[in-house]
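Residue-level structure breakdown
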Amino acid sequence: MSHTQGFNMTFSFTALLLLVSAFIYAHGKPNIVYILTDDQDIRLGSLDVQPKLRSLVIEQGIMFENAYVTTPVCCPSRSSILTGKYVHNHRTYENGVGSGCDAQSWRDLNEHKTMGPYMSKAGYTTGFFGKYLNNYAQGSSGITVEHIPPGWDRWYTLVGNSKFYNYEVSNQGQSEKHGSNYTEDYFTDRVRDEAVDFIKKSADKPFFMYVATPAPHRPATPAPQYANMFSDKVAPRTPSYGFAAPDKHWIITNGTPPLTPETTQVVDELYRDRIRTLVSVDDLVEAIVNELKNAGVMDNTYIFYNSDHGYHLGENNQQGEKRQPYDENIRVPFIAMGPGIPKNQKTSALALNIDMAPTFIDLGGGEIPDDMDGISLKSALMSPIEQEEAQYHFMLEYYGEGHVAGLGFLHDCNNNTWVALRSVDPKNANGNKDILYARFYLKDDFPVQQSEIYFREYFELDEDPWEKVNLASSLPKEQMQKFEEILDTWYKCSGVSCRNLRKITLL
Ligand SMILES: *[C@@H]1O[C@H](CO)[C@@H](O)[C@H](O)[C@H]1NC(C)=O
Ligand SMILES: *[C@@H]1O[C@H](CO)[C@@H](O)[C@H](O)[C@H]1NC(C)=O
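Our subject in this report is the structure included herewith. What you are looking at is a predicted structure, and each value in this text was computed from that prediction instead of being measured.

Structural notes on the overall build of the chain
Scanning the chain from terminus to terminus reveals 15 helices and 14 strands. Counting the 507 residues in the chain, one finds 61% classified as buried. Counting contacts in the chain only where the partners sit at least 6 residues apart, residues at least 24 apart contribute 72% of the total. For the chain, the exposed surface amounts to about 19400 Å²; the carbon and sulfur share of it is 53%.

So, the state of the cysteines
Following the criterion strictly, the structure yields two disulfides and no others. Each sulfur of the disulfide joining Cys75 and Cys101 lies 2.1 Å from the other. Here the disulfide of Cys75 and Cys101 is right-handed, its torsion about the S-S bond being about 85°. Of this pair, Cys75 sits in helix 3 (residues 74–83) while Cys101 sits in the loop between helix 4 (87–90) and helix 5 (104–109), and the two are 26 residues apart along the sequence. Its relative accessible area of 0% is what places Cys75 among the buried residues. In this model Cys493 forms its disulfide with Cys498; the gap between the sulfur atoms is 2.0 Å. In this structure the cystine formed by Cys493 and Cys498 twists about its S-S bond by roughly 90°; its chirality is therefore right-handed. A single burial state applies to Cys493 and to Cys498, both of which are buried. Here the bonded cysteines of the chain are numbered in sequence order, and their pairing is 1-2, 3-4.

Some points on the site of ligand 2
Around ligand 2, the surrounding shell consists of Trp250, His403, Leu410, Cys413, Asn415 and Leu442. Contacts to ligand 2 include Asn415, whose side-chain N or O atom sits 2.3 Å from an oxygen atom. Here ligand 2, which alone exposes 360 Å², has 54% of that area covered by the protein. Along the lines of polarity and charge, the residues of the shell around ligand 2 split into four nonpolar, two polar and no charged.

Quick look at the pattern of salt bridges
As enumerated under the stated definition, the model contains 31 salt bridges in all. With its nearest N and O atoms 2.8 Å apart, the salt bridge here joins Glu269 to Arg272. You can see Glu269 and its partner Arg272 sitting in helix 10 (residues 261–294), three residues apart, about one turn around the helix. You can call Glu269 partly exposed: its relative accessible area is 34%. With a shortest N-O distance of 2.6 Å, Asp434 and Arg422 are connected by a salt bridge. Placement of Asp434 in the loop between strand 12 (417–423) and strand 13 (435–441) and of Arg422 in strand 12 is noted, with a sequence separation of twelve residues between them. Each member of the pair, Asp434 together with Arg422, is buried.

Things to note about helix 3
Taking burial as the measure, the ten residues of helix 3 include ten buried ones, the bulk of the element. Within helix 3 the residues assigned to the buried category are Cys74, Cys75, Pro76, Ser77, Arg78, Ser79, Ser80, Ile81, Leu82 and Thr83.

Topic: the pairing of strand 11 (residues 393–399)
Counting buried positions along strand 11 yields seven of seven residues, so the element is predominantly enclosed. Residue alternation in strand 11 divides its side chains into two sets, His393, Met395, Glu397 and Tyr399 and Phe394, Leu396 and Tyr398, and both sets are buried. Examined bridge by bridge, strand 11 and strand 12 share seven bridges and lie antiparallel to one another. Pairing of Met395 across the sheet is with Leu421, part of strand 12.

Notes on the sheet that holds strand 4 (residues 154–158)
With respect to topology, ten strands assemble into an open sheet ordered 6-5-4-3-7-1-8-9-2-10, the strand pairing being mixed. With partners counted over all chains shown, the strands left at the sheet margins are strand 6 (174–177) and strand 10 (345–352), one partner each. Averaged over neighbouring strand pairs, the angle between their axes works out to 20° when direction is ignored. Relative to strand 9 (residues 334–337), strand 2 (residues 62–68) runs antiparallel, the two being bridged by two bridges. Paired with Met63 across the strands is Ile335, a residue of strand 9.

Structural notes on the packing of aromatic side chains
This model, assessed by the stated rule, comprises 33 aromatic pairs. Ring geometry for Tyr34 versus Tyr210: centroids 5.4 Å apart, planes at 65°, classification edge-to-face. A residue pair is termed long-range when its members are at least 10 positions apart, and Tyr34 in strand 1 (residues 31–37) and Tyr210 in strand 7 (residues 207–212) qualify at 176 residues. Across the pair, Tyr210 and Tyr34 agree in class, each one buried.

Description of unusual backbone geometry
Looking along the chain, the bond that leaves Ala215 and enters Pro216 is cis, with omega of -5°. In the segment running from Arg218 into Pro219, the intervening peptide bond is cis, with an omega of 5°. Not every positive phi belongs to a glycine, and Asn166 is a case in point at roughly 55°. Mapped onto the fold, Asn166 is located in the loop between strand 4 and strand 5 (168–171). Judged by its relative accessible area of 49%, Asn166 falls in the partly exposed class. Positive phi, close to 55°, is recorded for Phe230, a residue that is not glycine.

Quick word on the environment of Val234
Along the chain, Val234 falls in the loop between strand 7 and helix 9 (250–254). With relative accessibility at 40%, the residue Val234 sits in the partly exposed group. The residues touching Val234, leaving out its near neighbours within four places in the chain, are Asp268, Tyr271 and Arg272.

Parameters and conventions
Residues numbered from 1 in each chain as written. Chains lettered and ligands numbered in written order. Predicted model: local features only at pLDDT ≥ 70, side-chain atom pairs only at ≥ 80, totals over all residues. Heavy atoms only, no water. Helix = DSSP H or I, 4+ residues; strand = E, 2+ residues; numbered from the N terminus. Buried < 20%, exposed > 50% of the residue type's maximum accessible area, 1.4 Å probe, protein only. Contact = heavy atoms within 4.5 Å. Areas by Shrake-Rupley, 256 points an atom, 1.4 Å probe, with all protein chains shown as cover. Disulfide = S-S within 2.5 Å. Near = heavy atom within 4 Å. Polar contact = N/O pair within 3.5 Å; in protein donor to acceptor, adjacent residues only side chain to side chain. Nonpolar A, V, L, I, M, F, W, Y, C, P; charged D, E, K, R; others polar. Salt bridge = Lys/Arg side-chain N within 4 Å of Asp/Glu carboxyl O. Pairing = 2+ DSSP bridges. Axes fitted to C-alpha atoms, helices over the stretch in contact; angles between N-to-C directions. Phe/Tyr/Trp six-rings, centres within 6.5 Å; stacked < 30°, edge-to-face > 60°.

The values are spatial; any link to function lies outside them.
Here it is as C-alpha cells:
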C-alpha cells in the first residue's frame, strides 16, 4: 500500500465516521411542535370540547396543573413566550405599537433573540404558522409583509391581530389576501394545512414549528359545520360568576358595566362561539398528529399545547375579557408529550410562558442564553413525580395603555396597571401558601415603582380559590413588608436574578 493510498483510506474512513455521526446527531435531535391558542382559558373548562386533543396528546403525555403566564394579554405574553423574558425585560407592554408591540424597539432588542433564531442555531429547520404579534406588518409597525424575522425558514404569518376570514398573511414574504370562503380561507384550517405541509417537507431533518391559531380569540367565528354545536350551553356559572367583591380594585367595584340580562346573553353567545372555534383547533391537532405518523417521526417528536393567557366570562361580574391578575386570566392549558415524557400524568410543577423558549432550546440541545428569565422544564417533563426541585413563585405585570374608555371597556386604560406576586404551592411542599399579592396603579409609567400605589389585594387561594375575599387589610405588617420588598426587587430582575426569585422564601 502506497503512502498516498494509506492517506486516502484513512481520510475516507474518518470522513465516513464524521458523516455517520453527523447523520446520527442530526436524526437524533427530536422535532418540536408548539401549538399555541389565543385567549384559551383552562379554568372555564374549554379543554372539555377537544376530545382529539385529549386522546392524542393529553393521555399520551403530561398535563401541567400549574401552568401560568406572567402577563394576561396577547402581544406582551407572546413576546414573553418568544423571548423567555418578563415584560419589563422585553419591553412589549401592551398590544399597541406605541407600547412596543412589533415596534422598532422589538426588532432592535428582541427579534434576533427569540426561540426561532436559537432553534435555528441548534440545527433546526424552523417554521412559523399563524399569529405572531398583534401588529405584525400593520401600517404603524414600520414593516411590511416582506419582513421575515431572522431565524425562521418557513414563514406563514397573519398580518395584525386574530381573524378568521378577510385577512392578509405574509407567505414567505409575499402578501396573500384571503376572503370569506370557508374551504379556501378559514384561518385555523389554513394554519393547519400549512403546518401539515411543512411536516411533509421537513421530516427528513430536525424541525421546530410554532403553530399559533387565532382561536378562540374574538371575533371567534366558528367553521360553518360547527356553528350550531353547543347551542344549549352557557358560560360556566363559576363561584365568582356575577360576583363583584366590594373590596377589590376600581375596575371590579365600579369599572366595566356589570352583567345584566342583555350582557349575560352576549357573554353566553361568546362562550359558545369560543368553544365552537376550538373544535377546529381539535381538528388541527389531529391533522398534525396524523402527518407526524405518516412521516414516521411521531416517536421522535415533542408536541406542546399552550395558550397565550386565559379569559373570564362573567367572573368578578365582568364580561368577556382578560387583563386582570386573577387565575381565570393567568392560568393556561399546558400539555406536553414526546420522547421520555410519561404518559397520562399530571404534575403540579410550575410552568410559565417565559419557560417555553428555554425548554425548547434545552430539548433541542442548544445553549440557553443567560439573559432569559425563564427556566428549562426538561426535568419536570421527564420526571413529574419528583417535586423537590419545583419552584413555585412568579411575578405578574400588566401595563394598561389606553387613555379613554371605548364602549365601556376599561380594562386597557392606563389606570389599570398592576404588578403582583403569585405563589402556587398546592402541596405545601416548601412551606408556602397558595397566594396572590397585587399592587394596583392609576398610571402606566415605567418603571412602575415611580408611581403611587393606588390599591392592594391579597388572596389565600387554598381557602378562596376564586379570589373573592381581599385579605390585604388584615395582613401582618411584617408579611406585607416582605411582599413589598419582593415586588420591588422582582420588577428590576433580569436573567439569573429572575430565576433565583422563583426559589425564595415568602415569610
Ligand atoms: C369556495 O371554494 C371552493 C374550493 O375552491 C369552491 O369549490 C367553491 O365554489 C367556493 N365557493 C364560493 C361561494 O365561491
Ligand atoms: C380610569 O380611567 C377611565 C377612563 O379615563 C375613567 O373612566 C375611570 O374613572 C378611571 N378610574 C379611576 C379610578 O380613576
